[in-house]
Amino acid sequence: MSASPGESATSRRPEALHGTNSSRAELTRVDAGPYDLVVGGGLLIDPEKGTSVVGDIAVRDGRISAVLAPGTTGGVCAEYVDAHGLLVTPGLIDLHAHVYDGATGLGIAADLAGIGSGVTTVVDAGSSGSDTFEDFDRTVVAPSVTRVLSWLNISRHGLTRGTTELAGRDDIRSADTVRTILARRDVIRGIKIRMSRSVVGQNGLEPLRAAKRVTAQIAAETGEPFPVMVHVGNAPPAFGDVLDLLGPGDVVTHAFHGKAGGLFPEADSGPLRQARDAVQRGVRLDVGHGSASFAFDTMERALEHGIRPHTVSTDIHGRSLVGPVHDLTTTMTKLLAAGLTLDETVRAATSAAAESIGLAGEIGSFAAGCVADITLLDRVEDATPLVDAEGRTRTAGHRLTAVAAVRAGVTHRIRKADA
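Here the structure is a predicted model, which means the values were calculated and not measured.

1. What to know about helix H9 (residues 328-338)
Helical periodicity: at 3.6 residues per turn, an α-helix aligns residues three or four positions apart in one direction. Along H9, 10 of the 11 residues are buried, which leaves the element largely enclosed by surrounding structure. Of the positions making up H9, those classed as buried are Leu328, Thr329, Thr330, Thr331, Met332, Thr333, Lys334, Leu335, Leu336 and Ala338. In the segment just after H9, glycine 339 is the residue with positive phi, at about 125°.

Shown next as structure tokens:
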């Protein structure tokens, strides 16, 4: 999403939704009634049912009360958002972002990556570790309008000391990591580890083995699955060796990068055998676009071979915000250009993402009782080329833009790029 004229990208912030012109969602205040909010008349894309139908979403006490036929709420509500002509989805979830603003070289404001871009939940991917999580919790999680969750870095420093966080001998303190997770299990949804040559140095696969021991201990103590998200990049370690250590529910981010040693071992080969085996046993492939980790060619080859992304995320940070990432809706538009359907792209940014962090049935859903996180999207005709991390382009003919978002029943207006 582009900033409005005269507004810098870093200054964009969400606002409470007001009445706007007819090309945007409109809010009308009427007498309070059985519902606090109704989002009415939009095309509801339900990722769990696989349906796209025009309807109304009724909200009470910050949670979804009902999904109804258009116009059947009786017009009795405290707030009404007119979504006619718009796509309405469960609140978008960005599974991989960097929002430890000011403490790392990559961090950006959570509400810039989040609610200001139509994303109701961002999951910070390893910016903090056990030594720094308390500060992250206090300075980012608590004050943000956006729901901010965490993949806690297996490195105790997170990314606060640069990008070689696993090359030393004392970077992992597993007991401290376990204590940190158990104290804030509601926010910490998994472990993040970066398995690239420049990060692990001579430590090879051992940091990943340590991360897997931690996730196994958390799962044993809580009785709930606890995944690891693995960043893959330049070998060593070899991609196949990393995949062999992963199990059901674990996430591979940057899975569709265009670097050597990735999903396709040779220019004319099929997918890596270990990749197929991993997907079959329940390992989840995530986009994690970033500044260097998404290639149209790789994604299109994967689709040809029946390998599809489970989730779509941005890896948005200070060096990818202004391009090539921009925001989650731009990344979603790139998946449409690569050949995914709208329904599966929405699912990858909502219900599938919620499943990956153990929050299915709480967020990423239109089901009654779920948190009322909702995103309103416009599908705008646009022939502007979309650029991947390799500098290659595709044209979708349209783009998705966020118009408004509802976070736990509270509406927020988003400035449209074409306003």
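2. Considerations on the nonpolar core
It is characteristic of soluble globular proteins that their nonpolar side chains tend to be buried jointly. Of all hydrophobic cores here, the largest spans 81 residues; its most connected members are Val99, Ile191, Ile193, Val230, Val252, Phe256 and Met299. Top contributing element to this core by residue count: H9, with five residues. Residues contacting valine 252, with those up to four places away along its chain left out, are Val230, Val232, Phe239, Leu243, Leu246, Val283, Arg284, Leu285 and Asp286. Listed in part, the 17 residues of the second largest apolar core include Leu37, Ile64, Ala83 and Leu376.

3. As for the pattern of salt bridges
Under the definition given, this model contains 22 salt bridges. Among the ionic pairs, arginine 194 bridges to glutamate 165, the shortest N-O distance being 2.8 Å. Pair noted here: arginine 194 is in strand E11 (residues 188-195) and glutamate 165 is in the loop between strand E10 (147-153) and helix H3 (174-183), with a separation of 29 residues, a long-range link. One exposure class covers both arginine 194 and glutamate 165, and it is buried. In this structure, aspartate 176 engages arginine 179 in a salt bridge whose closest nitrogen and oxygen atoms are separated by 2.2 Å. Of the two residues, aspartate 176 and arginine 179 both sit in helix H3, three residues apart, roughly one turn of that helix. Aspartate 176 gets classed as partly exposed once you look at its relative accessible area, which sits at 23%. The class for arginine 179 is exposed, based on a relative accessible area of 53%.

4. A look at the side chain of serine 155
Within the secondary structure, serine 155 sits in the loop between E10 and H3. Of the polar contacts made by the side chain of serine 155, one reaches the backbone oxygen of glutamate 165; its length is 3.0 Å. Among all residues touching serine 155, those that are not within four sequence positions of it are Gly129, Ser130, Glu165, Leu166 and Asp171.

5. Overview of the sheet that holds strand E12 (residues 228-232)
Taken in spatial order, the seven strands of this open sheet run E8-E9-E10-E11-E12-E13-E14, and their pairing is parallel. The open sheet is flanked by strand E8 (92-97) and strand E14 (284-285), the only strands paired with a single partner. This element, helix H2 (residues 133-141), spans strand E9 (119-125), E10 and E11 of the sheet and lies at about 165° to E10. Of the strands in this sheet, E10 and E11 touch H3, which is tilted by about 145° from E11.

6. Here's the deal with the confidence of the model for the protein
Per-residue confidence for the protein gives a mean pLDDT of 91, with 91% of residues at or over 70. The low-confidence segment residues 1-24 (pLDDT under 50) makes 62 contacts with residues lying over four places distant or belonging to another chain. Ignoring residues within four places in sequence, the model shows residues 27-32, a span with pLDDT below 50, making 21 contacts including any to other chains.

7. Observations concerning the environment of alanine 238
One can find alanine 238 in the loop between E12 and helix H6 (239-243). For alanine 238 and glycine 126, which are 112 residues apart along the polypeptide, the C-alpha to C-alpha distance reads 21 Å.

Calculation notes
Residues numbered from 1 in each chain as written. Predicted model: local features only at pLDDT ≥ 70, side-chain atom pairs only at ≥ 80, totals over all residues. Heavy atoms only, no water. Buried < 20%, exposed > 50% of the residue type's maximum accessible area, 1.4 Å probe, protein only. Helix = DSSP H or I, 4+ residues; strand = E, 2+ residues; numbered from the N terminus. Core = buried A, V, L, I, M, F, W, Y, C linked by side-chain atoms within 4.5 Å. Contact = heavy atoms within 4.5 Å. Salt bridge = Lys/Arg side-chain N within 4 Å of Asp/Glu carboxyl O. Polar contact = N/O pair within 3.5 Å; in protein donor to acceptor, adjacent residues only side chain to side chain. Pairing = 2+ DSSP bridges. Axes fitted to C-alpha atoms, helices over the stretch in contact; angles between N-to-C directions. pLDDT = per-residue confidence, 0-100.

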